[in-house]
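Breakdown of the fold
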Amino acid sequence: MDVEHILSQMTLEEKAAFCSGGDFWHTKALERLGVPSVMMCDGPHGLRKQGAEADHLGINDSIKAVCFPTAAALAASFDRSLLHTLGEVLGEECQAEDVSMLLGPGLNIKRSPLCGRNFEYFSEDPYLAGQLAAAYVNGLQGKGIAACPKHFAANNQETLRMSGSSEVDERTLHEIYLSAFEDMVKESAPRSMMCSYNQINGVYASENRELLTEILRDQWGFDGFVVTDWGAGKDRVKGIAAGVDLEMPGRDNPEQVAKIVAAVQSGELPEEQLDQTVSRILTYIKGYMDGRRPEAQLDLETDHIRSVHASEECAVLLKNARDILPLSKEQRVAFLGDFARAPRYQGAGSSHINSHKVVGAVEAAQAAGLNVTFAQGYLAQTSEPNPDLLERAAECAKRADVAVIFAGLPDSYESEGFDRTSMAMPANQNALIEAVASVNPNTVVVLHNGSPVEMPWADQAAAILELYLGGEGVGEAAVDLLYGTANPSGKLAETFPIKLEDNPSFLNFPGEDGIVEYREGVFVGYRYYDKKKMAVRFPFGHGLSYTSFVYGDIQLDKAQLTDRESLTVTCKVKNTGTRLGKEVIQLYVRDEQSRVNRPVRELKGFEKVELAPGEEKTVSFTLGKKAFAYYEPKIHDWFVESGTFTIEIGSSSRDIRLAAQVTVEGTVTLPVHFTEFSTFGQILATPKGQTLIGHIFQKFSAGAAGQHGDIEADAAGMQTMQSMMMDMTLDAVSKFIGMTDEQISGILAELN
Ligand code: BGC
């Protein structure tokens, strides 16, 4: 395909029609010019390839495919290579099924534990979300399949997702909600991007030129095409002008074509802009055709095994009192709860996979010849406790050495399209855990949920294993993890607060009258809990192992640097236990002093390493400018303030093992403009201000403080006076000391 040639042969009407799809999942074909129609599919954690009965809510069936762990689980792996491999596997499946683009990954930030779609998103932390998304995109695109990261942007809830406005200040928008997208674009060059349904500060994403052109293309260098979320397109002329290339789903729409044609003819929409849009879509189709490998095969059995392995990498061991886990084959074990039989392993909505095979934990344990009994305990689809089921489960638990309860959230609690209203688990499941824990102190809780839950029973459970929505292999993975064939190595990619009300978005979620104000600003997740020094149930980055790790020897390659240089940090980690295991080493950065309100620590690096017993490895991190910067609206860019920064290395955000300091010099100066209403403090903060008004400040404060003959009292008086005066404006001071307007203008002219 010669994109330029094809474009030159297209009529204006053909071009106008081409920027909408041909049907629910395909682009339009242009047979006259040899352009094929290509297919796109959901995504993100498996292939949802539908036939004629198409829908975007996961209602109608799709082909049988392997359901891999959802993003919430994958994020807990903290493992770029796992995400890269998953991207490759999905890319191969797409090649086998002739799918040109997979609609994912979803990398919106988890602002509230209630967002119905949290299971499809990675983290509350933008660095982690961006890194994992980039790895997935690189893997997928390496197989010749376009990724379509979504939902751009500030789509952090389902309530009124198609019409509401996310009201976010500029710093917060860039620092938290756009940052993951920015990193991902720069590190993986996705061929596409999906704009979200919602408005951002009153402008629909699909008509948002600032977002889709100025930020995405001009600032970040994105060179793919933008597709609307399904049905998110509004006025197509405005959309094309804003930077939206393809509207999905598509159909023959002569009225819309006529509008675009008229806009070009009247000069409202420059034809070059329409050409650019068409050219981007053609480039994507060409990219797919060039990399097409029809010989690729769908190998569901192999991919199922990969799914089991992936699920194991994502498991987070939250608690393990008395080293109750792993279990041994000799123990009598009771598996309790409906989810032990049929695990909840994926969420509802457009990501729903028609799974090829799901093996429950009970079946997997029996197949492995383990000594396991089972009682249902609760009915997954209801919430009310059933006394009969509870009693039988408690009886079963009494006869066992260890009781393992499989619990979590039912399908009806978490889905695309609506948010949760509470963080509580169903009453029947909480009742089961409490009933069992009261008769057997060796109670282990295995969780299947897409988002944090309240755990009123956390102290009674001896161990808690979080499996999230771990894909179709999660039942088999659970058995491997419980019995130690696999060693848990996941870490929480989000904080588990004690209760919903602790969450920083609580008072402003999901907003009122379609407006949701992100008033907590940059203090999302652990950034908030750490700043407030709050107790949490389980902190960001937390996760235990069946072995233990010792950290040491932190080294920085420089004691000071500028924001144009990078810093290399290394440390050593040793497996001091008796089992092979993996540890996620996390690096956090703190600005020790800042003119703006900054978090106590922010994740800026992580590495996952595998260590045999006794083995030690050196881990290395490279920190560039963004690791030290905050987003400064005055310059609409990332900005580093000169000063001391602390580098912390830990096993979780609240288990910091090593720390060192470094001095960073910022090379950008913020623009300043002084007026007569600038204060002494603001002016004296600059060297020029010191020279120009330092003496006035000294004289005026000495005069105001007065002399009382007691040296110490006089010094204290002077200090109090100076503190009071720091916030006095030049204008006010001039009235006390009789400065003329001319003198003030002179000072300001010098300063500015
Ligand atoms: C969802 C997208 C999805 C699309 C197509 C929309 O409702 O928000 O994530 O890719 O449908 O199914």
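Remember, it's a predicted structure, so these values are computed and weren't measured experimentally. (Residues numbered from 1 in each chain as written. Predicted model: local features only at pLDDT ≥ 70, side-chain atom pairs only at ≥ 80, totals over all residues. Heavy atoms only, no water.)

1. Digging into the overall build of the protein
- Secondary structure summary: the protein contains 22 helices and 27 strands in total.
- Over its C-alpha atoms the protein spans a radius of gyration of 29 Å, differing by no more than 12% from the 27 Å that the globule rule assigns to 752 residues.
- Based on the C-alpha atoms only, the size of the protein along its principal axes is roughly 90 × 75 × 50 Å.
- Within the span of the protein, comprising 752 residues, buried residues form 60% of the whole.
- Counted over contacts in the protein with a minimum sequence separation of 6, partners at least 24 positions apart contribute 76%. (Helix = DSSP H or I, 4+ residues; strand = E, 2+ residues; numbered from the N terminus. Rg over C-alpha atoms; globule rule 2.2 N^0.38 Å. Buried < 20%, exposed > 50% of the residue type's maximum accessible area, 1.4 Å probe, protein only. Contact = heavy atoms within 4.5 Å.)

2. Quick look at the sheet that holds strand β14 (residues 402-408)
- Pairing in this open sheet of 6 strands is mixed, and the strands run β10-β16-β15-β14-β11-β13 from one edge to the other. Two strands close off the open sheet at either side, each with one partner strand: β10 (316-320) and β13 (372-375). Going from strand to strand, the sheet's axes swing by 20° on average, the running direction of each strand aside.
- Summarising the sheet, strand β11 (residues 333-336) and β14 pair through 4 bridges and their orientation is parallel. Bridging from a neighbouring strand, Phe335 pairs with Val404 of β14.
- On top of the sheet, helix α15 (residues 427-439) reaches β11, β14 and β15 (443-448); it is set at about 170° to β14, its chief contact. (Pairing = 2+ DSSP bridges. Axes fitted to C-alpha atoms, helices over the stretch in contact; angles between N-to-C directions.)

3. Let's talk about the packing of aromatic side chains
- Overall, the coordinates contain 19 aromatic pairs when judged by the stated rule.
- Ring centres 4.4 Å apart and planes at 25° place the aromatic pair Tyr526 and Phe540 in the stacked group. Taken together, the residues span a long stretch of sequence, with Tyr526 in helix α17 (residues 526-531) and Phe540 in the loop between α17 and β18 (549-556) at a distance of 14 residues. No difference in accessibility class separates Tyr526 from Phe540, as the two residues are buried.
- Pairwise contacts between aromatic rings join Phe78, Tyr127, Tyr526, Phe540, Tyr588 and Phe606 into one cluster.
- Over the ring of Phe606 we find Arg80; its NZ or CZ atom is 3.9 Å from the centre of that ring.
- Stacked on the ring of Tyr518, the Lys or Arg Arg111 has its end atom at 4.2 Å from the ring centre. (Phe/Tyr/Trp six-rings, centres within 6.5 Å; stacked < 30°, edge-to-face > 60°. Lys NZ or Arg CZ within 6 Å of the ring centre and 35° of its normal.)

4. Re helix α7 (residues 209-219)
- Leu211, Leu212, Thr213, Ile215, Leu216 and Arg217 are the residues of α7 that are buried.
- Next to the buried residues of α7 lie α6 (170-188), β6 (192-195), β7 (199-200), β9 (225-228), α8 (236-242) and α10 (271-290).
- Gly221 sits one or two residues past α7 and shows a positive phi near 80°.

5. Description of helix α9 (residues 254-266)
- Taking 1.5 Å of rise per residue, 13 residues should cover 18 Å, and α9 covers 18 Å from first to last C-alpha, within 8% of that figure.
- When α9 is considered as a whole, its buried residues turn out to be Gln256, Val257, Ile260, Val261, Ala263 and Val264. Seen end-on, α9 carries its buried residues on one side only, within an arc spanning 160°. Along α9, the residues that are exposed and aim more than 90 degrees away from the buried face are Pro254, Glu255, Lys259, Gln265 and Ser266.
- Along its buried surface, α9 packs onto α2 (12-18), α8 and α10. (Expected span 1.5 Å × (residues − 1). Arc of directions from axis to C-beta.)

6. Some remarks on the site of the ligand
- What surrounds the ligand is a group of 15 residues, the closest being Asp42, Arg117, His151, Tyr197 and Asp229.
- Between Lys150 and the ligand, the recorded distance is 3.0 Å, taken from a side-chain N or O atom to an oxygen atom.
- In this structure, an oxygen atom belonging to the ligand sits 2.7 Å away from a side-chain N or O atom of Asp229.
- Isolated, the ligand exposes 310 Å² of accessible area, and the fraction of that covered by the protein chains is 100%.
- Grouping the constituent residues of the shell around the ligand by class yields 5 nonpolar, 3 polar and 7 charged. (Near = heavy atom within 4 Å. Polar contact = N/O pair within 3.5 Å; in protein donor to acceptor, adjacent residues only side chain to side chain. Areas by Shrake-Rupley, 256 points an atom, 1.4 Å probe, with all protein chains shown as cover. Nonpolar A, V, L, I, M, F, W, Y, C, P; charged D, E, K, R; others polar.)

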